[in-house]
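Spelled out from the first residue to the last, the chains are:
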Amino acid sequence: MDCSYEMIFVNDGSTDRTLQLLKEFAAQEPARCFYLSFSRNFGKEAAMYAGFCHIHGDYVAVMDADMQDPPGLLPQMMRILESREYDSVATRRKNRKGEPKLRSWFAKRFYQLINRISDADIIDRARDFRLMQREMADAITAMGESNRFSKGIFGWVGFRTCWLPYENVERVAGTTKWSFLKLFQYASAALSISRRSLAASLPGLGWE
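Residues numbered from 1 in each chain as written. Predicted model: local features only at pLDDT ≥ 70, side-chain atom pairs only at ≥ 80, totals over all residues. Heavy atoms only, no water.

A.B. asks: Any chance you could explain helix 5 (residues 134–142) here in plain terms?
C.D. replies: Owing to its 3.6 residues per turn, the α-helix brings residues three or four apart onto one side. Buried residues of helix 5: Met136, Ala137, Ile140 and Thr141, and no others. When helix 5 is viewed along its axis, its buried side chains cluster within an angular range of 140° and face the same direction. Every exposed residue of helix 5 that faces more than 90 degrees away from the buried side is listed here: Glu135 and Ala142. Here the buried face of helix 5 lies against helix 2 (44–52), strand 3 (59–62), strand 4 (88–93), strand 5 (126–133) and helix 6 (150–156). (Buried < 20%, exposed > 50% of the residue type's maximum accessible area, 1.4 Å probe, protein only. Helix = DSSP H or I, 4+ residues; strand = E, 2+ residues; numbered from the N terminus. Arc of directions from axis to C-beta. Contact = heavy atoms within 4.5 Å.)

A.B. asks: Can you help me understand the confidence of the model for the protein in this one?
C.D. replies: Interpreting fine coordinate detail is not advised for predicted regions of low pLDDT. Residue-level pLDDT values for the protein average 80, and 71% of them are 70 or greater. This stretch, residues 197–208, has a pLDDT under 50; its non-local contacts, to residues over four places away or in other chains, come to 14 contacts. (pLDDT = per-residue confidence, 0-100.)

A.B. asks: How should the nonpolar core be read in this particular structure?
C.D. replies: Burial of nonpolar side chains together is a common tendency in soluble globular proteins. One finds Phe52, Met132 and Ile140 to be the most contacted residues of the largest nonpolar core, which totals 13 residues. For this core, the secondary structure elements donating two or more residues are helix 2, strand 3, helix 5 and helix 6. Looking at this core, the element that brings in the most residues is helix 5, giving 3 residues. Those residues in contact with isoleucine 140, other than ones at most four positions away along the chain, are Phe52, Met132, Arg148, Ile153, Phe154 and Val157. Leu73, Val89, Cys162 and Leu164 belong to the second-largest nonpolar core, a separate cluster that totals 12 residues. (Core = buried A, V, L, I, M, F, W, Y, C linked by side-chain atoms within 4.5 Å.)

A.B. asks: Would you mind going over unusual backbone geometry with me for this structure?
C.D. replies: A negative phi angle characterises most non-glycine residues, just as the trans form characterises most peptide bonds. Although it is not a glycine, methionine 67 sits at a positive phi angle of roughly 75°. Here methionine 67 lies in the loop between strand 3 and helix 3 (74–82). Taking relative accessible area as the criterion, methionine 67 reaches 37% and is therefore assigned partly exposed. The backbone of arginine 84 sits at a positive phi, close to 70°, despite the residue not being glycine. Along the chain, arginine 84 turns up in the loop between helix 3 and strand 4.

A.B. asks: Which parts of the structure should I look at to understand the pattern of salt bridges?
C.D. replies: Working definition: two side chains of opposite charge can pair if their charged atoms are close together. Evaluation of the coordinates by the stated rule reveals 8 salt bridges. In this structure, the salt-bridge partner of aspartate 64 is lysine 44, at a minimum N-O distance of 3.4 Å. Of this pair, aspartate 64 sits in the loop between strand 3 and helix 3 while lysine 44 sits in helix 2, and the two are 20 residues apart along the sequence. Across the pair arginine 127 and aspartate 69 runs a salt bridge whose closest N-O atoms are separated by 2.9 Å. Residue arginine 127 is found in strand 5, and its partner aspartate 69 is found in the loop between strand 3 and helix 3; the two are separated by 58 residues along the sequence. Exposure remark for aspartate 69: the relative accessible area of 1% places this residue in the buried category. (Salt bridge = Lys/Arg side-chain N within 4 Å of Asp/Glu carboxyl O.)

See the structure below:
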């Protein structure tokens, strides 16, 4: 892609050499590479929100740094957006290959439940990896949810989305930090978004 860009890394309280490496990257590419570093682990949702709050470009990509979100898809995603037919290009895995069967079962049931009680367009096997127009990113940032569930927020803000399926990719290093407790807490945030969606669709139903 022939375009200018910047990279914003968010260090979510890592205890390894992540922060030191980010400082080195920023020193080597001071005009393109920036980083934010949390004092402790606040979670993926807080990290994504912090990144959204510091963007400058016309297009915004959000992706994991463990390479499970293949950066090689970005040129294709950019071409789709440049057609102006869509505001966002979102990715979803073709299957759950490599994921524990029990976790896959719970995930599938979770998405079935969410989509029964919500109109927020939450897609099974969707990733947070997406490329979007700046207007959509600004709308996401404007939603001041204390318990955020980005997959629900992406659908809630209502922009036109093209779904791009891809084969699951193994992470380059490390292991997942998502325990069942964290997944349950994440699901609670999703239900909060779903209740907001339901309240908006039913006149006279209060929301607190």
